[in-house]
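Okay, here's what each chain looks like letter by letter:
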Amino acid sequence: FQKALVEDFILEGNAYAYINKVRNNVKSLNYIEPKYISIFKSTDPIFKDVKISINGKQYEHYQFINLTRKTVNGVDGTGVIQENRAMLSLAFNTLAFEERNIRTGGVKKGVIKSVKKLTKEALDALKEAWNKLYSGTSENVIVLNDGLDYKELQQTSVELQLNENKKVNDEQICSIFNTPISILKGTATDDTINTWHNNTIIPIIIYFFLKELFVFV
């Protein structure tokens, strides 16, 4: 329950739990995935009010624990995914590029030159063989007919800087979560761990504790 709320709070910017009450007695707190939540806000800039809809049924906002990250109105939060979409997309594309290289056995891009014009049948057969070469299947060899010559293209700057980019991406992702990369590497000092614990973990715990305490007051 708490783990799911923390993940939603950090990643999505909003976390919800329904307060199941009978009169003044709280029977349970029920976790709800943010994807099932719809927020309807009033247009009054002073006396703000919201309604929460779940599967077409409306509820009052005070029927929920609503945890919001970096909010300006107390209803809509901003998660790290939305806040860092460009950087996370870059890191994902870097991993996808590396995965594609591994899947194809590290085969580099290249061009094929022909001394004569190929027939449609020969061109189609060459394309099919080339697609198999880069598809990551066991067919990782192409036999070129007489008159065909393959030339490997030079590595691009992106390929040459791949390892360096991965290091930078790792550090940036850690900074998103206010976590020193040395902690993940197991090289952090006690002072680093204590600072991270006090500045990153404790504030989240206190925020959650106060929200849940309010329900039972």
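Residues numbered from 1 in each chain as written. Predicted model: local features only at pLDDT ≥ 70, side-chain atom pairs only at ≥ 80, totals over all residues. Heavy atoms only, no water.

J.: Please explain the side chain of Thr 68 as it appears in this structure.
T.: By the element assignment, Thr 68 lies in strand E6 (residues 64–68). Leaving out residues up to four positions away in the same chain, Thr 68 has contacts with Phe 9, Gly 13, Asn 14, Gly 74, Val 75, Gly 77 and Tyr 207. (Helix = DSSP H or I, 4+ residues; strand = E, 2+ residues; numbered from the N terminus. Contact = heavy atoms within 4.5 Å.)

J.: So what exactly am I meant to see when it comes to the pairing of strand E1 (residues 14–22) here?
T.: Consecutive side chains of a regular strand alternate in pointing toward one face of the sheet and then the other. Examined bridge by bridge, E1 and E6 share five bridges and lie antiparallel to one another. For Tyr 16, the partnering residue across the bridge sits in E6 and is Asn 66. Note that E1 and strand E2 (residues 25–32) share seven bridges and pair antiparallel. Within E2, the position partnered with Ile 19 by the bridge is Leu 29. (Pairing = 2+ DSSP bridges.)

J.: Honestly, the sheet that holds E6 in this entry has me stumped. Any pointers?
T.: Neighbouring strands of a sheet are bound in pairs by backbone hydrogen bonds; such pairs are parallel or else antiparallel. Sheet architecture is open: three strands sit in the order E2-E1-E6, paired in antiparallel fashion. Only two strands of the sheet have a single neighbouring strand rather than two, namely E2 and E6. For this sheet, the mean angle separating the axes of adjacent strands, direction not counted, is 20°. In the packing of helix H1 (residues 2–12) onto the sheet, the strands contacted are E1, E2 and E6, and the crossing angle to E1 comes to about 140°. (Axes fitted to C-alpha atoms, helices over the stretch in contact; angles between N-to-C directions.)

J.: Please explain unusual backbone geometry as it appears in this structure.
T.: For residues besides glycine, phi is generally negative; the peptide bonds are generally trans as well. Located in the positive-phi region is Lys 70, a residue other than glycine, with phi close to 50°. Take Lys 70: it is sitting in the loop between E6 and helix H2 (80–83). Look at Asn 178: it is not a glycine, yet its phi comes out positive at around 55°. Counting through the fold element by element, Asn 178 comes out in the loop between helix H6 (162–176) and helix H7 (181–185). Residue class for Asn 178 comes out partly exposed when judged on its relative accessible area of 44%. (Buried < 20%, exposed > 50% of the residue type's maximum accessible area, 1.4 Å probe, protein only.)

J.: Would you take a moment to explain the pattern of salt bridges for this structure?
T.: When charged atoms on two side chains of opposite charge get close, those side chains can pair. Applying the stated rule across the entire model yields six salt bridges. Of the charged contacts, one joins Glu 7 and Lys 3 as a salt bridge, the two residues approaching to 2.6 Å between their closest N and O atoms. Taken together, the residues span about one helical turn, with Glu 7 and Lys 3 both in helix H1 at a distance of four residues. (Salt bridge = Lys/Arg side-chain N within 4 Å of Asp/Glu carboxyl O.)

J.: Would you mind going over the side chain of Asp 8 with me for this structure?
T.: Topologically, Asp 8 is positioned in helix H1. Those residues in contact with Asp 8 that lie beyond four places of it in its chain are Gly 13, Asn 14, Ala 15, Tyr 31, Ile 32 and Pro 34.

J.: Honestly, the environment of Lys 3 in this entry has me stumped. Any pointers?
T.: On the basis of relative accessible area, Lys 3 is assigned to the exposed category, the value being 61%. A distance of 2.6 Å separates a polar atom in the side chain of Lys 3 from a polar atom in the side chain of Glu 7. (Polar contact = N/O pair within 3.5 Å; in protein donor to acceptor, adjacent residues only side chain to side chain.)

J.: Honestly, the environment of Lys 166 in this entry has me stumped. Any pointers?
T.: Tracing the chain through its elements places Lys 166 in helix H6. Taking relative accessible area as the criterion, Lys 166 reaches 26% and is therefore assigned partly exposed. For the pair formed by Lys 166 and Ala 91, sequence separation is 75 residues and the distance between their alpha carbons is 7.5 Å. Leaving out residues up to four positions away in the same chain, Lys 166 has contacts with Thr 94 and Glu 98.

J.: What am I meant to see in the sheet that holds strand E4 (residues 50–54) here?
T.: If you walk across this open sheet you meet the three strands as E3-E4-E5, and the pairing is antiparallel. Each edge of the sheet is formed by a strand with only one pairing partner; in this case those strands are strand E3 (37–41) and strand E5 (57–60). Going from strand to strand, the sheet's axes swing by 30° on average, the running direction of each strand aside. Sheet topology places E4 next to E5; four bridges connect them, and they run antiparallel. Considered in E5, the bridge of Ser 53 is made with Gln 58.

J.: Is there a simple way to think about H6 in this case?
T.: One turn of an α-helix holds 3.6 residues; hence residues three or four places apart share an orientation. For H6, built from 15 residues, the straight-helix expectation of 21 Å at 1.5 Å per residue is met to within 8% by its first-to-last C-alpha distance of 21 Å. Where H6 is concerned, the buried positions are Leu 162, Asn 169, Cys 174 and Ile 176. The arc that holds the buried residues of H6, viewed along the axis, is 150°, so those residues lie on one side. The exposed set on the far side of H6, more than 90 degrees from its buried face, consists of Asn 163 and Lys 167. One or two residues past the end of H6 sits Asn 178, with phi positive at roughly 55°. (Expected span 1.5 Å × (residues − 1). Arc of directions from axis to C-beta.)

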